[in-house]
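# Inside the fold
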Amino acid sequence: MGDIRNIVVLTGAGISAESGIDTFRDAGGLWEQHRVEDVATPEGFARDPDLVLRFYDMRRAALTKVEPNAAHRALARLDATFAQGDRGDLLIVTQNVDDLHERAGAKRVLHMHGELLSALCANCAARERFAGTMLDRPNCSACGVAALRPDVVWFGEMPYQMERIYSALANADLFVSIGTSGAVYPAAGFVQEAAAHGARTLELNLDPSEGSRWFDEHRHGPAGALVPAWVDEVLAG
Ligand code: BV8
């Protein structure tokens, strides 16, 4: 890996597209089927909780029908080489709420927008692993109140573990963005944060993103092809 010791990878819906999970902004994507304001904001949840709970119940159930793809597996292979301790740090920051990075075997995963398979209690703020449906209002395991909501970050809510992310970006030698449109902040600003601290920046995406101009290098194509090739390069370096 030569002079590359600390790597931050940011992934978006594009890395899960080849697994059969809809992205948000591609044709036929999630935001075409549902208005963002109705299903991914606290106001939408307050207005019509059943609509929102059904939206996330459907996506949570879909997880059992999909598998990680070659891109997830390649990142897990990279992750495993950091386990030996003789390298620097790797952090896979994902905007995705699916569990495909973990199912591929990656350990250093940070879900900045939460997870479908986690429930957050709106009454006591406890979190619990959750694989069922919320439409029938299950009780929180900690306080017993039927106040569980999806443990995902909606628009207007603060993404998770931002301190840890900015610390990793400040120490990164390389920042790689995979499968994201660069449409949503603060994730879309990470490339500039990393570059400001001297990291090299690489974008692996099907098409140029809204943030392409901030990257030193771009490779365009499906993640299932680009990511394994890039991991092979890094490991051979
Ligand atoms: C916050 C979780 C502050 C839920 C999501 C005006 C200007 C700037 C910012 C704002 C603004 N107005 C409001 C804001 C802030 C807002 C924002 O950025 N809005 C945008 C729309 C302008 N951001 C927020 O609200 C964030 N919070 O700012 O808090 C704050 C401060 C103090 C105190 C409290 C709060 C929170 C945003 C998080 C929202 N939650 N998801 C869920 O999953 O349902 S967002 C969701 O969309 C994703 O998580 C992701 O972050 C985002 C973008 O999606 P992508 O992953 O990029 O997917 P997309 O479909 O867009 O693109 C897919 C890409 O893949 C494409 O480029 C495509 O080419 C590529 N692709 C497709 N197939 C493949 C592929 N690539 C490779 N291979 C393939 N096969």
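Residues numbered from 1 in each chain as written. Predicted model: local features only at pLDDT ≥ 70, side-chain atom pairs only at ≥ 80, totals over all residues. Heavy atoms only, no water.

### A short note on empty space enclosed by the protein
We apply this condition: A 1.4 Å probe that fits but cannot get out identifies a cavity on a 1 Å grid over protein atoms alone, an open set with protein on both sides within 12 Å along at least five of seven lines counts as a pocket, and a residue lines either if it has an atom within 4 Å of a point. Grid points are joined across faces, edges and corners, and a volume is the space filled by probe spheres set on the points. All amino acids are sorted into three groups, where Ala, Val, Leu, Ile, Met, Phe, Trp, Tyr, Cys and Pro are nonpolar, Asp, Glu, Lys and Arg are charged, and the leftover types, Gly among them, are polar.
A full pass over the atoms with the stated rule returns one cavity of 30 Å³ or more. In terms of lining residues, the largest cavity is bounded by 13 residues, among which Ser177, Thr180, Gly182, Ala188 and Phe215 are the most central. In terms of residue class, the lining of the largest cavity is built from six nonpolar, six polar and one charged.

### A word on the side chain of His72
To keep things clear, this is the line we draw: The helix count covers DSSP runs of H or I at least four residues long, the strand count covers runs of E at least two residues long, and both are numbered beginning at the N terminus. Here the term buried applies to any residue with accessible area under 20% of the maximum for its type, exposed to any over 50%, and partly exposed to those in between, with areas from a 1.4 Å probe on protein chains only. Polar contacts, as used here, are pairs of N or O atoms within 3.5 Å; protein pairs need one atom able to donate a hydrogen and one able to accept it. Residues neighboring in sequence count only if both atoms are side-chain atoms. Here, residues are in contact when the closest pair of their heavy atoms is within 4.5 Å.
By the element assignment, His72 lies in helix α5 (residues 70-81). The exposure class assigned to His72 is buried, which follows from its relative accessible area of 0%. Within the structure, the side chain of His72 is placed 3.0 Å from the backbone nitrogen of Asn69, a separation counted as a polar contact. Excluding its chain neighbours within four sequence positions, the residues that come into contact with His72 are Ile15, Ser16, Ser19, Leu100, His101 and Ala104.

### Observations regarding unusual backbone geometry
Put simply, Tyr185 and Pro186 share a cis peptide bond, and its omega is 0°. Within the element layout of this structure, Pro186 appears in the loop between β7 (174-178) and α8 (190-196). The phi dihedral of Ala125 is positive, around 70°, even though this residue is not glycine. Mapped onto the elements, Ala125 comes out in the loop between β4 (114-121) and β5 (127-129). Exposure remark for Ala125: the relative accessible area of 52% places this residue in the exposed category. A positive phi is found at Arg137, a non-glycine position, where the angle reads about 55°. Checked against the element boundaries, Arg137 lands in the loop between β5 and β6 (148-152). Under the relative-accessibility criterion, Arg137 is labelled partly exposed at 33%.

### A word on the domain arrangement of the protein
The criterion, for reference: All the domain ranges listed were derived from an automatic or database domain assignment. As a working definition, buried area equals the accessible area (1.4 Å probe) given up by two parts on being put together, with both sides summed. One speaks of a salt bridge when a side-chain nitrogen belonging to Lys or Arg is within 4 Å of a carboxyl oxygen belonging to Asp or Glu.
Assigned domains within the protein: domain 1 (1-21 + 68-113 + 159-237) and domain 2 (26-65 + 116-152). Relative to domain 2, the C-alpha centre of domain 1 lies at a distance of 26 Å. Listed per partner, the contact involves seven residues of domain 1 and eight residues of domain 2. Between domain 1 and domain 2, roughly 630 Å² of surface is buried when both sides are summed, and carbon and sulfur atoms account for 51% of that area. When residues of domain 1 are sorted by the area they lose upon contact with domain 2, Val97, Asp99 and Tyr160 head the list and together hold 66% of the total. Linking domain 1 with domain 2 are zero salt bridges, by the criterion used here. Residues belonging to the side of domain 1 that touches domain 2 are distributed by class as follows: three nonpolar, one polar and three charged.

### Re the sheet that holds β5
The following threshold applies: Following DSSP output, two strands are said to pair if at least two bridges run between them. Under this scheme, a helix contributes an axis fitted over its contacting stretch, all axes are lines through C-alpha atoms, and angles between N-to-C directions fall in the 0 to 180 degree range.
Sheet architecture is open: three strands sit in the order β5-β4-β6, paired in antiparallel fashion. The two strands at the open ends of the sheet, each matched to only one other strand, are β5 and β6. Direction aside, the axes of adjacent strands within the sheet are offset by 45° on average. Summarising the sheet, β4 and β6 pair through five bridges and their orientation is antiparallel. Bridge pairing in β6 places Gly114 opposite Val152. The sheet contacts of helix α4 (residues 49-62) involve β4 and β6, and relative to β4 the element is tilted by about 135°.

### Quick notes on the sheet that holds β7
Pairing in this open sheet of six strands is parallel, and the strands run β3-β2-β1-β7-β8-β9 from one edge to the other. The open sheet has two free edges, formed respectively by β3 (109-111) and β9 (217-220), since each of these has just one partner strand. In this sheet, adjacent strand axes meet at a mean angle of 15° when their direction is disregarded. Bridge count for β7 against strand β8 (residues 200-205) is five bridges, and the pairing is parallel. Residue pairing for β8: Ser177 is matched across the bridge by Glu203. This element, α5, spans β1 (7-11), β2 (90-94) and β7 of the sheet and lies at about 150° to β2. Helix α9 (residues 223-236) contacts β1, β7, β8 and β9 of the sheet and is inclined by roughly 150° relative to β8.

### Observations regarding the site of the ligand
Under the convention used in this document: For this description, a residue counts as near a given molecule or strand if any of its non-hydrogen atoms is within 4 Å of it. Calculation of accessible area relied on Shrake-Rupley with a 1.4 Å probe; when residues are assessed, cover is drawn exclusively from the protein chains displayed.
Around the ligand, 33 residues are found, and the nearest of them are Arg25, Arg59, Gln95, Thr180 and Ser181. Side-chain polar atom of His113 to an oxygen atom of the ligand: 2.8 Å apart, as the coordinates give it. Considered on its own, the ligand offers 1,500 Å² of accessible surface; in the complex 75% of this is hidden by protein. Its residues assigned to classes, the shell around the ligand shows 16 nonpolar, 11 polar and six charged. Split by domain, the shell around the ligand shows at least three residues from each of two domains, domain 1 (1-21 + 68-113 + 159-237) and domain 2 (26-65 + 116-152).

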